[in-house]
Amino acid sequence: MLYQVLKYLLLGPLLRLVFRPRIEGLEHVPEEGAAIIASNHLSVVDSFVMPAIVPRRVTFLAKAEYFTGAGLKGRLTAAFFRGVGQIPVDRSGGRASRAALSSGLAVLRKGRLLGIYPEGTRSHDGRLYKGRTGVASMAVTAGVPVVPCAMIGTFEAQPAGRRLPRAMRITIRFGAPLDFSRYAGLADEHIALRAVTDEIMYAILALSGQEYVDTYASEAKAEAQAQARAQGRAQGRRGHGGGKGPAR
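Model, not experiment: these values are computed from the prediction.

Moving on, we come to the overall build of the chain. The number of helices and strands found in the chain is 8 helices and 9 strands. Based on the C-alpha atoms only, the size of the chain along its principal axes is roughly 80 × 45 × 35 Å. Going through the 248 residues of the chain one by one, you find that 42% of them count as buried. Here the chain displays about 13,500 Å² of accessible surface, and carbon together with sulfur accounts for 55% of that area. Charge separation in the chain, taken as the distance between the mean sites of 34 positive and 19 negative side-chain charges, equals 12 Å.

Written as structure tokens, this is what we have:
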């Protein structure tokens, strides 16, 4: 009930008013049956705008932090994500990753649409990063098509660190479904999963026109943060008399 109210009466109309989304290739999203929509991830608004314009319900695997926040804001955020049917996942790896895959497969076995960001996290600089193989594992195991999707303009609307989005036009572009039935039975073969993932990322790249970086987004983000901290410490030392004193 909350999902329909948000999509058709409250949040959906507001998002269309603020972002005036240009939709391309929506006919590629299957009208029925299980499928994965694999998208680039540039902004928080991606998870709201794309499901709002897809006629069918899209269930996303959302990071667990959205469901555990403290205070009024945290409780409201958790209530919203539960209300729209999003599934919390622990991104710490190992058993948590396997649990996330199981959750995604459960959605697909019910014949539903599963939304996923193969990069694993938002791009901090607007570029497209190397995909994680979880999307391939689910596609091959469930035997479902993957619809590539490109969000264009959402990074400019609300880059990481910006609290409120800018009102501007964005584009959401869907590509033709990718069939990976030739990999049936190879869900445990890393080489096969890497090949499937790279094919998905190439399709997203062709739709988005982004610059591609062959490293994981989380690693690139951590490196950028480390460099920023190092520069901050260096500037702090210079600002606290790191040079010679005045001549007498």
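Attention shifts here to the pattern of salt bridges. Inspection of every chain in the model, using the stated rule, returns 5 salt bridges. A salt bridge links Arg182 to Glu199, with the nearest nitrogen and oxygen atoms 2.7 Å apart. You can see Arg182 sitting in the loop between strand 8 (171-174) and helix 7 (190-208) and its partner Glu199 sitting in helix 7, a full 17 residues away along the chain. Relative accessible area serves as the criterion here: at 30%, Glu199 is assigned to the partly exposed category. Residue Arg194 pairs with Asp198 through a salt bridge whose shortest N-O separation is 3.1 Å. Of the two residues, Arg194 and Asp198 are both situated in helix 7; the distance of 4 residues between them amounts to about one turn of the helix. Sharing partners across several salt bridges, the network here consists of Asp125, Arg127 and Glu211.

Bringing the sheet that holds strand 3 (residues 58-63) into the picture now. Reading across the sheet, the 7 strands line up as 1-8-7-2-5-3-4 and stay open at both edges, with mixed pairing between neighbours. Across the chains shown, the open sheet's two edge strands, defined by having one partner strand only, are strand 1 (22-24) and strand 4 (87-89). The mean angle between the axes of side-by-side strands here comes to 25°, regardless of whether they run parallel or antiparallel. Pairing of strand 1 with strand 8, which is carried by 3 bridges, proceeds in the parallel orientation. In the strand pairing of strand 8, Glu24 is matched with Arg173. Sheet strands touched by helix 5 (residues 134-142): strand 2 (35-39), strand 3, strand 5 (113-116) and strand 7 (146-152). Its angle to strand 2, the strand with the most contacts, is close to 165°. Lying on the sheet, helix 7 is in contact with strand 2, strand 7 and strand 8; it crosses strand 7 at an angle near 35°.

Let us now look at the environment of Arg173. With respect to the helices and strands, the residue Arg173 is situated in strand 8. A relative accessible area of 25% places Arg173 in the partly exposed class. Between the C-alpha atom of Arg173 and that of Arg22, which follows or precedes it by 151 residues, the distance is 8.2 Å. In this structure, Arg173 is in contact with Glu24, Pro148, Cys149, Ala150, Ile152 and Leu207, ignoring residues within four places of it in sequence.

Here we take up the nonpolar core. Core analysis: the biggest nonpolar cluster contains 30 residues, and Ile36, Leu108, Met138 and Ile200 have the highest contact counts within it. Among the elements of the structure, strand 2, helix 4 (95-109), strand 5, helix 5 and helix 7 are those that each provide at least two residues to this core. Among all residues touching Ile200, those that are not within four sequence positions of it are Ala38, Val135, Val146, Leu178 and Phe180. Listed in part, the 22 residues of the second largest apolar core include Ala35, Ile53, Val54 and Ile172.

With that settled, consider helix 7. For helix 7, spanning 19 residues, the distance from its first C-alpha to its last is 26 Å, which sits close to the expected 27 Å at 1.5 Å a residue. Ala192, Leu193, Arg194, Val196, Thr197, Ile200, Met201, Ala203, Ile204, Leu207 and Ser208 are the residues of helix 7 that are buried. Residues of helix 7 that are buried in the fold lie against strand 2, strand 6 (128-129), helix 5, strand 7 and strand 8. Directly after helix 7, the chain includes Gly209, whose backbone phi takes a positive value near 75°.

What counts, and where the lines are drawn
- Residues numbered from 1 in each chain as written.
- Predicted model: local features only at pLDDT ≥ 70, side-chain atom pairs only at ≥ 80, totals over all residues.
- Heavy atoms only, no water.
- Helix = DSSP H or I, 4+ residues; strand = E, 2+ residues; numbered from the N terminus.
- Buried < 20%, exposed > 50% of the residue type's maximum accessible area, 1.4 Å probe, protein only.
- Areas by Shrake-Rupley, 256 points an atom, 1.4 Å probe, with all protein chains shown as cover.
- Lys, Arg positive; Asp, Glu negative; His and termini not counted.
- Charge placed at Lys NZ, Arg CZ, Asp CG, Glu CD.
- Salt bridge = Lys/Arg side-chain N within 4 Å of Asp/Glu carboxyl O.
- Pairing = 2+ DSSP bridges.
- Axes fitted to C-alpha atoms, helices over the stretch in contact; angles between N-to-C directions.
- Contact = heavy atoms within 4.5 Å.
- Core = buried A, V, L, I, M, F, W, Y, C linked by side-chain atoms within 4.5 Å.
- Expected span 1.5 Å × (residues − 1).

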